[in-house]
Amino acid sequence: MEQTLYPWGHNRPFNAYSNHFKKIFGTRLQKLSVDAGFTCPNRDGSISTGGCTFCNNAAFNPSYCQRFEDIRKQIEEGIAFHSWRYKRVSKYLAYFQAYSNTYADLEVLKERYMQALSHPDVIGIVIGTRPDCIDEAKLDYLSELNKDYHVIVEYGIESCYDETLKRINRGHDFATTRYAIEETSKRGITTGGHLILGLPGESEEMMLNEASILSELGLHSLKFHQLLLVKGTAMVEDYEKNPNDFDFMSFERYSDFIIKFLERLSPDIVIERFAGEVPPRFQAGYNWDLIRNEEVVARIEQKMLAQNTYQGRLYKK
Ligand code: SF4
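These lines cover the structure that appears in this document, whether it is placed above or below. (Residues numbered from 1 in each chain as written. Predicted model: local features only at pLDDT ≥ 70, side-chain atom pairs only at ≥ 80, totals over all residues. Heavy atoms only, no water.)

1. Here's the deal with the side chain of S159
As a reminder of what qualifies: Every helix listed is a DSSP run of H or I at least four residues long, and every strand listed is a run of E at least two residues long, numbered separately from the N terminus. By the criterion applied in these results, polar contacts are pairs of N or O atoms within 3.5 Å in which, for protein atoms, one can donate a hydrogen and the other can accept it, and in which residues neighboring in sequence qualify only through two side-chain atoms. Throughout, a residue-residue contact means that at least one pair of heavy atoms, one from each residue, lies within 4.5 Å.
For S159, the position within the fold is in the loop between β4 (150-158) and α5 (162-167). A polar contact of 3.0 Å, which involves the side chain of S159, links it to the backbone nitrogen of Y161. One polar contact links S159 to E202, side chain to side chain, over a distance of 2.6 Å. The contact partners of S159, leaving out residues within four places of it in the chain, are T164, L165, F174, L195, L199, E202 and E210.

2. Brief notes about the packing of helix α9 (residues 251-264) against helix α10 (residues 293-306)
We count it as follows: To get an axis, fit a line to the C-alpha atoms, keeping to the stretch in contact for a helix; angles then go from 0 to 180 degrees between the N-to-C directions. Each angle gets one of four labels, with under 35 degrees taken as roughly parallel, over 145 as roughly antiparallel, 65 to 115 as roughly perpendicular, and the rest as oblique. For a crossing to be left-handed, the near helix must be turned anticlockwise from the far one by less than a right angle; the clockwise case is right-handed. Side-chain classes are defined by residue name, with Ala, Val, Leu, Ile, Met, Phe, Trp, Tyr, Cys and Pro counting as nonpolar, Asp, Glu, Lys and Arg as charged, and the others, Gly among them, as polar.
Relative to each other, α9 and α10 sit at 60°, their axes nearing to 10 Å. With respect to their mutual orientation, α9 and α10 come out oblique. In the crossing of α9 with α10, the sense of the turn from one axis to the other is right-handed. Contacts between α9 and α10 involve F251, E252, S255, D256, I258, I259 and L262 on the former and, on the latter, V296, R299, I300, K303 and M304. Across the contact of α9 with α10, the residue classes tally to seven nonpolar, one polar and four charged.

3. Points about the pairing of strand β2 (residues 91-96)
The following threshold applies: Each residue is assigned to one of three classes by its accessible area relative to the maximum for its type, calculated with a 1.4 Å probe on protein chains only: buried under 20%, partly exposed between the two thresholds, exposed over 50%. Here a strand pair is declared whenever DSSP counts at least two bridges between the two strands.
Counting buried residues in β2 gives five out of six residues, a clear majority hidden from the surface. Strand direction decides the pairing type here: β2 and strand β3 (residues 122-129), joined by five bridges, are parallel. Among the inter-strand pairings, Y95 is bridged to a residue of β3, identified as V126.

4. Some thoughts on the sheet that holds strand β7 (residues 270-273)
Two orientations exist for strands paired in a sheet by backbone hydrogen bonds: parallel and antiparallel. Spatially, seven strands are ordered β1-β2-β3-β4-β5-β6-β7 in an open sheet, and the strand pairing comes out parallel. Single-partner strands in this sheet number two, and they are β1 (29-34) and β7. Ignoring strand direction, the axes of neighbouring strands in this sheet form an average angle of 25°. Note that β4 and strand β5 (residues 190-197) share six bridges and pair parallel. Directly across from E154, in β5, lies its bridge partner G192. Packed onto the sheet, helix α6 (residues 174-186) meets β4 and β5 and runs at close to 165° relative to β4.

5. Here we look at helix α8 (residues 234-241)
For the record, the criterion: For this quantity, the arc is that covered by the directions from the helix axis to the C-beta atoms.
Along α8, the positions that sit buried rather than exposed are M235, V236 and D238. For α8, the arc enclosing every buried residue in end-on projection is 160°, short of the 170-degree limit, so these residues lie on one face. Facing away from the buried surface of α8 by more than 90 degrees, the exposed residues are E240 and K241. For α8, the secondary structure elements touched by its buried residues are α5.

6. Topic: the side chain of T309
Note on placement: T309 falls in the segment after α10. Among the residues examined, T309 registers a relative accessible area of 3% and is labelled buried. At 2.5 Å, the side chain of T309 forms a polar contact with the side chain of E263. Not counting residues within four places of it along the chain, the set of residues in contact with T309 comprises Y6, P13, I259, E263 and M304.

Structure representation (structure tokens):
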């Protein structure tokens, strides 16, 4: 039997989501994006109408997922869409991805989540949301739901710095993020986060410090996104006015940086994604050309092995 080197139980130099998923579920699962018709307080005027400066939801929503369509129908179409590609997949997680998927009354949330969970092949839900769209009643409900299904809540963290959150017009501070993650995690709900690396005004040192901050919150998983300019966003205007505040990393520099970040991150945090992809028709300005996610992972992993390093090597509790 192969000897394992790392606390996550395999020999890859980071706590990889695909391995973790297989260990937890014993099989390959597919996530199906659904658009449940929610909006977002940063767009509907409750906080602002402009939204976060990087946000263009159309750029991140797959084509099979149409707004306001019946959720169960979206699930069926999603299964049909994926089944020719992933023949061995038979169980699914419904991914409530677009906008803020806890931004409604609890009764509305229950009804929409249960529409997805009523499909016999859906064994859980992944709920993408903002940290300021959650409260104790919603978390208590999700904690109950978590006894019968897999429930994963994924928060947009984006940055641990209030000055950055202000600049990107997030409409909440980091104390709100900390509270949401800690409250979710302590109820035994799998808690994920999304972080953007390279936001204007953040130095590499500031970003590396985020590894230490995020390691202490009880997060189970993290997704990273390199800073990209997306058409139709306020960030494009910010860039045109203040180009010197933006420092886009080449792939080589980004991969070196992310390795340093991982070295400082808790080994308990599962890495779901190193970088994001935006369809070419939405790209504006600096982007890496044609590097797909699988290649990003493979190249970062090779670099880590060549450097003889691993996630958590410099992590201090
Ligand atoms: S990124 Fe999320 S929170 Fe920000 S405006 Fe878009 S949907 Fe709302």
